[in-house]
Structures are given as structure tokens and as C-alpha cells.
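Spelled out from the first residue to the last, the chains are:
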Amino acid sequence: MDFQTLWTRGRVKTHLLLHFSQTIKIITMSPIRQIKSLLLVLCLAFPTLSFADEGMWLVQLMAQTNYKAMKSHGLKLKASQIYNEEQPSIKDAIVAIDYGTCTGSMISRQGLMITNHHCAYNDIQKLSSLEHDYLRNGFWAKSQSEEIPLPGKVVLFLDRVIDVTDEYREELKKHAPEREYPIYSMRKVNFMLEKRYAKEGYEVSCNAIMKGDKYYLYFYRIFKDVRLVFAPPTCFGAFGKDTDNWTWPQHKGDFTMYRVYGDKDGNPAEYSPANTPITPRYVLPVSMKGVKEGDYAMIMGYPYTTSRYTPSWGVSEKIGRSNPAMIKVRTKKLDILNEAMNADPEVNIKYAYKAFSISNPWKFTIGESEYVKRYQVAALKAEEEQRLDRWIKADPDRLARYGNLLEELKNTYDITAPYISSDVYYKEAIVNGADIMRLAMRVRGLESSMIREKVTTLDPKSTQCDGFRDYCEKYFKDYDEATDKKVFAALFPLYVKNVNPKHLPAEVTTLVREYNGDYTRLTDSLYARSFLANQERLYAALENFNLELLANDPVYSLSRITRETNQNLRDGIRDNEKKNAYLRTLYTRALLEMNRDKTLPPDANSTMRITYGNIGGYSPKDGVTYSYRASIDGYNEKYVKDDPEFDLTPEALAAIRTGNWGRYADKDGKLYTSFACNLDITGGNSGSPVLNAKGEIIGLAYDGNWESMAGDLYFHPDYNKSICVDIRFVLWILDNYAGATNILKEISIVE
């Protein structure tokens, strides 16, 4: 069933089957939960249904698939004002940052771009030092000459999208070899079509939607001269840190500003002092009108990935095996990093981004596990699978095409089940554990180069050694040996004790036995004998870098043997993984065909999407109701002097306590910092502009609430909320706190 033919309705409605016991319970419902509709009111005779819209929709198809529904929610724009390939439109102001890690938007005719503070956290950390602590104190350029270039930073502007489904399928038939389990996507075919449609000045990317139901080519202009303009102090940008993360209400002023530069003609160019700010094709106006409950809102951005078509066995595997292992290792690592960071300001700067990059998914995974269980997602999906099984068996043609799809799919998960925990503990405790193990993985590239070139010694002046030294300069800038030893000593035993003994290298068992299980002494010995433990020894080793040196290094040897053992483990189930991937494709196609009368939103895949809904609060449990917005009062209520999460700089505290909100106050005299809305977002949407019915910025998306943590697997229409910084709070920080009038003058503010 062609996916496009399913997109014939502006919204999807699902019907719930109810039964009564002592209380009324939902017993069946589409487990895919692509539909943002759920029973809101129950009565004894008949259920009363309420419908809404869910999905991260393909923006290029918005006019055909979603526009009527968007209008019904309150949109006042034409579809062509949102997405237009011939005339300037809102899509021209939306950018992917670093190939989709976050989203940004253009807010001035001089190339000014706004996104989240946490999207810029890595940049700010790398620029920070004890002398210039931009994390603590913030940064703002008083003129364009003071803006800081960021090598490697890129932003992508989407130009157009074309459908190449028929061509892709034809090429796949030609070039995909005969195999037991056919694939729906092939890198060779991607490259072939990208080359066929190549256009000077553009990067072309081929993306499959819904496991090959559709194929699209995306044309981007990529700008590589991006400079830091404004970053608030962390006490604003990350107020509440882990404690408030993924919760509501919270009060972060989560924004940062960059400027995009091009050559003299406004085209993409590598960094040069001669470059000038670009003039964007479209600039978003900024609204001062604020929000009220029920207002229309929409978000355009680049959501990274969702997996809402995962079958019940995949959900159970993630919640029962993968997540617990990840949580266990990261909890231990975060405890060590936080202790070290709180004890030493220099270590705090070095490890700030490392800790953040661990803690954000760590807390998300805790919430995901809790709410996937609470919402009984696996059971809901199992009910859908039963319906799918009956649908397949009800028709001879469908039975011939899908056969025992569900039984075979379940078997593939059963086969991998014994290996999942071992694989996760290896990745979390070894690959992503201590920094020294990550460095060892990097050294593997040098070894591979030597083997490929059939040499035993590497020339210290070779391009490989020069490139590795450049990497090490950045690596050791943010490295503390004492902290890293503590991480290794804590995480290595988690690997040893939690990996299935059958999957543990014999050499590791021997190593642990040699030190009688004393992991501190073992760690001290490894670091003392490895050239990877500090910069001086490593650089000395590069002067005579040879294969014998690698073979004798205890840390590199440990990295190699654990890597090879895990690789052998993966190789043993490779055919089963291929079968699982093939059956997952069939499973998705069967679901599409069975639901041909419904509009099923595709999973996110880092392509531009649009989601829409309304501003509003929610009631997560009996007796608890959350308002749709939070105010600056939360800073005074949560402030704790010298607390690593809730402290404020003296300047920030003074600005708040003056109570001077100026033109940024709401009608009730309060300054509001954030609001909640029922828009469907995920990672990659961070920094996305939240737009009102007229297409004006009212805020920036930066988080989700705790009750939405199942969102990558299942969207709960009552509880999934996007948390957004109020744009008026952003303007207040720029104006009243920082006095950045040079930046404010650029922005088109609508009163």
C-alpha cells in the first residue's frame, strides 16, 4: 500500500473499545499510537471521544495532509507561507544545526540565528577557561568584530525536496544483490541518486520514509562560517539542570545566538575574516503578545529519530534489558563526574559538556522506562499485533504475502535476548566509559592505517600522526587523569560483573584474578603502564609509534580484546539481525496496509518536520493540575546559594530581584519564563521556534515533561507536552540583564 495514498485525511481518528469492571478501563487501542486522540470522558452507556492531531509531519506534504487540521486549530497563514519552494516562506528561516543535532531559526536580516543554550553547550564549554568562564558568566559580542568563530560548526538551509520513490525502487532492484532478507535502503543507491541529481552549491541527501514506503531527495545549502554572538550565563540557560530537566514547570532561559556568514555574494564559504553576514531568504518576526491557554502553536524543525512502529517485543527488550544496563552504568559515571566537578572549578569546565551529554539521555531513559510501563505500551502494541494477525489470516492474498510474520518476528527478538545486556554493558562501560578507552579506540585508526599500508612503524611526521596530535590537543584540554581513573575503576567492574560470563574475554577474567578483584589497584597499574594515560607519554610514543608498542600497551590491549570479543558476539547474530530488519520492514508495511483508511505519521529521521497544536497545561494525576505557563517567581523560589543547579550569579540575582520587567511583562505584570503546549517533538527539535497562528516566534522548544518520556515509542495525547522558553524572557535577558541593545536592534519585534 503506497504511503501517500494513506495521507488523504487531515487528521486521524481512532476508536477505543471499552469494557466495565469495577472501574472503566481501556482494553484495546491501536498500539502504534500515531494518533493524538484518546478517551477523555467515560460514561456508563457510551464512550465520548475527543480527537486531536499527533505527528512530526513531512513539511513538504503539509498542504495536502495537515493544512485543514491546522486551520481548525487556529492557523491564520496560507500553506504556501509555511512551505514554498518558489517564494520565500517560513521553511527558509528554519535551519538544521550540525546536520540535525539541533534546530535554529533566522531572526534578523544580518544572519542572526537563535537556538537553545543546551545546543550550544559544547561550543561554550570549549571556549571557556578559568580566565574566560563563558559557562558561568555568559558571553555577548558588543559588535560583529567580537563574535567568536567556531571551526566545524555548520548550519543547513533546506531549499527543496523531490520524490524519487519510483527511481529508487528501480535502482534497488538492479543493484541490491539477491539475498535471503531483502533490504529497503542501500547506500550505493543513495549515492547514485544523490550524484544523479547533484546541483552546484547544494548538498543532496536521500532519505527513506517509513522503511521504504517513500524516498525523497533533500537539497541543502550548507554554511560553514558560524560565530557565537550571545550566550546567557548557565544560571539562566540551564537553571535547575538535571533536577528540573524533563519536568514541568521549569524556568530555563534556554537560548543562545549565533551569526551565519557567507562570502561577499552571500554564498556558503569556509571561515574568512572577509566574510559578511548572510541575508536570509526569510526572517521570522518575534512576537511580544505572549500566549494564553488554547492559543494555536506550531513547531518546525529537525527531529532526530522516533521508533513508534516498534513491535511489542522490541519495546520489552528496550525496557527490560537495554535501558536498565544503560541507567546503571551512567548513574555510576555521573556520580563520579559530579563529585569531581563540584570539588574543582577547572575540572568543572573540562567535564561540563561530558556530564551534560551523559545526563540528558540518562534521565530521559529513566523516565522512558517508567512511563512505557505505566502506559502499558508493550501490552497495547501486543493487542495491535493480535489485530494485525487476524487481518493477515482473514485474506488468502495477505496470508501469502505476510505469512507467519509476527511469529517469525518474535523469534528474532528471542534469539537476540541473551546478548542484549552484554552488548549494552560493553558499549556503556568500555566504549563510552573512561576517556582513556575512547582514546584507545581512536588509536585503532592508526593501527589500521599501518596494517593497510603493510608497515610496522609510523612516521612521526606523517599526516596520520599530525591529525592524531590535533585530536589529542582537544582531547587532553578536557581530560583529568585522576577523574578518569576513578571512572575506569568504577565502570570496569560493572562490565566484568554484568556481562554474561560466556561473553567475557578470558584475558579479562585473568586480569581481574591477577589483582584479586582489587579494581583500584588494577586501574593504577594500567594507567601507570599505558602511554595513553597522559599527554607527555603519548607524544613521546608517537616519535616511535609501532605495532609492538601497541601490542604491549595494557590499556590498548584491553580495548582490543573487549572490542574483538563483542564483535564476535555481534557476528554470531548478524544473520538474525538482518532477518529482524527485513521483518520489521514487512511489519511496517502490513500496518500501513491494514490502516489504509487512516493517516499514519512517519517516524522522525532528521528531515524537516512540522507539528501543531495548542498552548495548554495538564493534570498528570489525581489532585494535581499544572498551569500552562511558569514565571520568573520560580527563580526566587528555587534559588539556593552555591548549589550547582540552583545558584545564581550576583548579577543575575540582582536583575531578578529588582522586579523590573519593563515592556516584557504580561498584562498581569508578571514576567513569564516558559509555557507548555501539546506539540509532538523529540531530540533534534531543541531550539526549534514555536510559532503562533501568524507565524511569529513566541518561544523556543527546549524540553519535554516527565510524563512524555515514552514519546519515542508512544505518544500519549493527554500527557505529552513540549516545554518552551517564552521569547519575552529571552528579550528581557538580552535587554534588562545584558544590555545587548546592538542585538535587539536587529530583531523584528512585533508588539
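Rules behind the numbers
Residues numbered from 1 in each chain as written. Predicted model: local features only at pLDDT ≥ 70, side-chain atom pairs only at ≥ 80, totals over all residues. Heavy atoms only, no water. Helix = DSSP H or I, 4+ residues; strand = E, 2+ residues; numbered from the N terminus. Rg over C-alpha atoms; globule rule 2.2 N^0.38 Å. Buried < 20%, exposed > 50% of the residue type's maximum accessible area, 1.4 Å probe, protein only. Contact = heavy atoms within 4.5 Å. Areas by Shrake-Rupley, 256 points an atom, 1.4 Å probe, with all protein chains shown as cover. Lys, Arg positive; Asp, Glu negative; His and termini not counted. Charge placed at Lys NZ, Arg CZ, Asp CG, Glu CD. Axes fitted to C-alpha atoms, helices over the stretch in contact; angles between N-to-C directions. Parallel < 35°, antiparallel > 145°, perpendicular 65-115°, else oblique. Left-handed = near helix turned anticlockwise from the far one by under 90°. Phe/Tyr/Trp six-rings, centres within 6.5 Å; stacked < 30°, edge-to-face > 60°. Pairing = 2+ DSSP bridges. Core = buried A, V, L, I, M, F, W, Y, C linked by side-chain atoms within 4.5 Å. Disulfide = S-S within 2.5 Å. pLDDT = per-residue confidence, 0-100. Salt bridge = Lys/Arg side-chain N within 4 Å of Asp/Glu carboxyl O. Nonpolar A, V, L, I, M, F, W, Y, C, P; charged D, E, K, R; others polar.

### Considering the overall build of the chain
The number of helices and strands found in the chain is 28 helices and 29 strands. A globule of 751 residues ought to have a C-alpha radius of gyration of about 27 Å, and the chain, at 27 Å, matches this closely. Across its three principal directions, the C-alpha atoms of the chain cover 75 × 70 × 60 Å. In the chain, buried positions account for 58% of the 751 residues. Looking at the chain alone, contacts between residues at least 24 apart form 77% of all its contacts between residues at least 6 apart. By element, 50% of the accessible surface of the chain is carried by carbon and sulfur atoms, the whole surface being about 31500 Å². Between the averaged position of the 98 positive side-chain charges in the chain and that of its 97 negative side-chain charges there is a distance of 4 Å.

### Some thoughts on the packing of helix α18 (residues 481-498) against helix α19 (residues 506-514)
Remark: α18 packs on α19, axes separated minimally by 11 Å, with the N-to-C direction vectors making an angle of 120°. Relative to α19, the element α18 is oriented oblique. Read as a crossing pair, α18 and α19 show a hand that is left-handed. Contacts from F492, Y495 and V496 of α18 reach α19 at V508, L511 and V512.

### Quick look at the packing of aromatic side chains
The description of an aromatic ring pair uses the distance of the two centres, along with the angle that the planes make with each other. A full pass over the atoms with the stated rule returns 36 aromatic pairs. Measuring from ring centre to ring centre gives 6.0 Å for F488 and Y527, while their planes differ by 75°; the resulting arrangement is edge-to-face. Taken together, the residues F488 in helix α18 and Y527 in helix α20 (residues 519-529) connect sequence positions 39 residues apart. Neither F488 nor Y527 differs from the other in exposure class; each is buried.

### A few points about the pairing of strand β14 (residues 225-231)
Within a regular beta strand, the side chains point alternately toward one face of the sheet and then the other, so they alternate between its two faces. Of all seven residues in β14, seven are buried, a share of seventy percent or more. In the sheet, strand β9 (residues 139-140) pairs with β14 via two bridges, with the strands oriented antiparallel. Of the residues in β14, the one forming a bridge with W140 is F230. Bridge count for strand β10 (residues 148-149) against β14 is two bridges, and the pairing is antiparallel. Pairing of I148 across the sheet is with L228, part of β14.

### A closer look at the nonpolar core
With 191 residues, the main nonpolar core has M257, M298, F492, W732 and L734 as its most contacted residues. Setting aside residues no more than four positions away along its own chain, L734 makes contact with F230, F255, M257, G739, A740, I743, L744 and I747. Listed in part, the 14 residues of the second largest apolar core include F364, V372, Y375 and W706.

### Considering the pairing of strand β8 (residues 112-115)
Burial of β8 is two-sided: the residues L112 and I114 facing one way and the residues M113 and T115 facing the other way are all buried. In terms of strand pairing, strand β7 (residues 102-106) meets β8 through two bridges, oriented antiparallel. Of the residues in β8, the one forming a bridge with S105 is I114. Count of turn residues in the β7/β8 antiparallel hairpin: five residues, of which G111 carries a positive phi of about 75°. Two elements, β8 and strand β15 (residues 256-262), share four bridges in a ladder whose sense is antiparallel. Following the sheet pairing, M113 is matched in β15 by Y258.

### Some remarks on the state of the cysteines
If you walk through the whole model with that rule in mind, you get one disulfide. We note that C677 lacks a disulfide partner, and the nearest cysteine sulfur, in C724, lies 3.8 Å from it. Classification of C677 by relative accessible area gives buried; the value is 0%.

### Examining the confidence of the model for the chain
Here the chain averages 92 in pLDDT, while 93% of its residues score no lower than 70. Of the regions scoring below 50 in pLDDT, residues 1-52 engages in 142 contacts with residues more than four places distant in sequence or in other chains.

### Structural notes on the pattern of salt bridges
Scanning the model with the defined rule gives 49 salt bridges in all. Among the ionic pairs, K224 bridges to E270, the shortest N-O distance being 3.7 Å. In this pair, K224 sits in the loop between β13 (214-223) and β14 while E270 sits in the loop between β15 and β16 (276-277), placing the two residues 46 residues apart along the sequence. The partly exposed category is assigned to K224, whose relative accessible area is 36%. We note a salt bridge from R308 to D680, for which the minimum N-O separation is 2.7 Å. In this pair, R308 sits in the loop between β18 (296-301) and α11 (312-343) while D680 sits in the loop between β25 (672-677) and β26 (689-691), placing the two residues 372 residues apart along the sequence. Both residues of the pair, R308 and D680, count as buried. Shared partners join several salt bridges into a network, and the residues in it are D423, K427, R570, D571, R574 and E577.

### With respect to the environment of Y121
The topology assignment puts Y121 in helix α5 (residues 121-127). A relative accessible area of 8% means that Y121 is categorised as buried. Taking C-alpha positions, Y121 is 9.5 Å from S357, a pair spaced 236 residues apart along the chain. Apart from residues no more than four positions distant in its own chain, Y121 is found in contact with L135, T234, A352, Y353 and F356.

### Points about the packing of helix α15 (residues 405-431) against helix α24 (residues 574-594)
Helix packing geometry: the angle between the two helix axes and the distance between the axes. Where α15 meets α24, the closest approach of the two axes is 9 Å, and the angle between their N-to-C directions is 145°. As α15 runs across α24, the sense of the crossing is left-handed. Between α15 and α24, the contacting residues are L405, L406, E408, L409, T412, Y413, I415 and T416 on the first element and N576, K579, N580, L583, R584, L586, Y587 and A590 on the second. Of the residues that constitute the contact of α15 with α24, the class distribution is nine nonpolar, four polar and three charged.

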